[in-house]
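# Report on the structure
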Amino acid sequence: MSVPGESSHFIMAPDLRIKELNKLKIEERNPRNAAVMMLFYPKEEITHIVLILRPNYEGVHSGQIALPGGKVEQCDLNYTETALREMQEEVGVKTNTVTVIKPLTKVYIPPSNFWVHPFLGFTESYPDFVAQEEEVAKIIEVPLSKLLDEKSVVQEKLTTSYAKNIEVPSFELNGYVVWGATAMMLSELKIFLKESMVL
């Protein structure tokens, strides 16, 4: 089954972000590449997805909710390997326990100049999570039903890299506000899953 694509990202992108992306000539900026893993796993017989809270630091993604992942290294053969390696480094899930289902649509992040390539995967048993202290302040386990619940979509007033106090479409998950590129990728995942359930 094909994935919903960029239009599903824009549902969770502020209007200013969409306008900015439309103006950019991304390839001229010579962006770097990164990959993230959307990992499904069972917890007490309920499917969950893992997110992480980034620590506070001097950087554009300080204190944000993210998917486990990071930049491509020379040792990686492809983006799938990057997503699996980074997931193991950040949250301790062993790469050989994960079945990768498919890639979703890449997202461009203007402030850090990255193309982020998301992948959907699962483990058949509950992972032995271990947070990498330098990269992960907290591991957040979200029941998949929360992501699919329309009540989890909220408008938050936030200050972003491109505007102050603007209304930003967000997910409220486990008491955390998830916005920006992570929300955009989760939006595609949500629509993909809902369309899959209809078929």
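All values reported here derive from a predicted model rather than from experimental measurement. (Residues numbered from 1 in each chain as written. Predicted model: local features only at pLDDT ≥ 70, side-chain atom pairs only at ≥ 80, totals over all residues. Heavy atoms only, no water.)

Moving on: the overall build of the protein. Of regular secondary structure, the protein possesses five helices and eleven strands. The C-alpha atoms of the protein give 16 Å as radius of gyration, which agrees with the globular expectation for 199 residues (16 Å, within 12%). When the backbone C-alpha atoms are referred to their principal axes, the protein occupies close to 45 × 40 × 35 Å. Counting all 199 residues of the protein, 50% fall into the buried class. Looking at the protein alone, contacts between residues at least 24 apart form 65% of all its contacts between residues at least 6 apart. With the model as given, the accessible surface of the protein reaches about 10,400 Å², and the carbon-plus-sulfur share is 50%. Of the side-chain charges in the protein, 20 are positive and 27 negative, and the distance between the mean point of each set is 6 Å. (Helix = DSSP H or I, 4+ residues; strand = E, 2+ residues; numbered from the N terminus. Rg over C-alpha atoms; globule rule 2.2 N^0.38 Å. Buried < 20%, exposed > 50% of the residue type's maximum accessible area, 1.4 Å probe, protein only. Contact = heavy atoms within 4.5 Å. Areas by Shrake-Rupley, 256 points an atom, 1.4 Å probe, with all protein chains shown as cover. Lys, Arg positive; Asp, Glu negative; His and termini not counted. Charge placed at Lys NZ, Arg CZ, Asp CG, Glu CD.)

Applying the stated criterion to the full structure yields four aromatic pairs. Relative to Phe129, the ring of Tyr126 has its centre 5.7 Å away and its plane inclined at 90°; by these criteria the two rings are edge-to-face. Overall, the relative accessible area of 39% leaves Tyr126 in the partly exposed class. Taking relative accessible area as the criterion, Phe129 reaches 15% and is therefore assigned buried. One aromatic cluster in this structure is built from Tyr41, Tyr126 and Phe129. Above the ring of Trp115, the side-chain terminus of Lys106 is found at 4.1 Å from the ring centroid. (Phe/Tyr/Trp six-rings, centres within 6.5 Å; stacked < 30°, edge-to-face > 60°. Lys NZ or Arg CZ within 6 Å of the ring centre and 35° of its normal.)

It is worth spelling out the sheet that holds strand E10 (residues 166-173) at this point. Pairing within the open sheet is antiparallel, and its three strands lie in the order E9-E10-E11. A single partner strand is all that each edge strand has here, and the edge strands are strand E9 (153-158) and strand E11 (176-178). When strand polarity is set aside, the average angle formed by the axes of neighbouring strands in this sheet is 55°. Sheet topology note: the E10/E11 ladder contains three bridges and is antiparallel. (Pairing = 2+ DSSP bridges. Axes fitted to C-alpha atoms, helices over the stretch in contact; angles between N-to-C directions.)

For the rest of this paragraph, the subject is the side chain of Arg85. Its location among the elements puts Arg85 in helix H3 (residues 79-91). You can call Arg85 buried: its relative accessible area is 15%. Within the structure, the side chain of Arg85 is placed 3.1 Å from the backbone oxygen of Lys71, a separation counted as a polar contact. Other than its neighbours up to four places away in sequence, Arg85 contacts Lys71, Val72, Glu73, Cys75, Asp76 and Thr95. (Polar contact = N/O pair within 3.5 Å; in protein donor to acceptor, adjacent residues only side chain to side chain.)

This part covers unusual backbone geometry. A positive phi angle, near 55°, is found at Glu44, a position not held by glycine. A positive phi is found at Asn113, a non-glycine position, where the angle reads about 60°. The residue Asn113 is located in the loop between strand E6 (107-109) and strand E7 (114-122) in this model.

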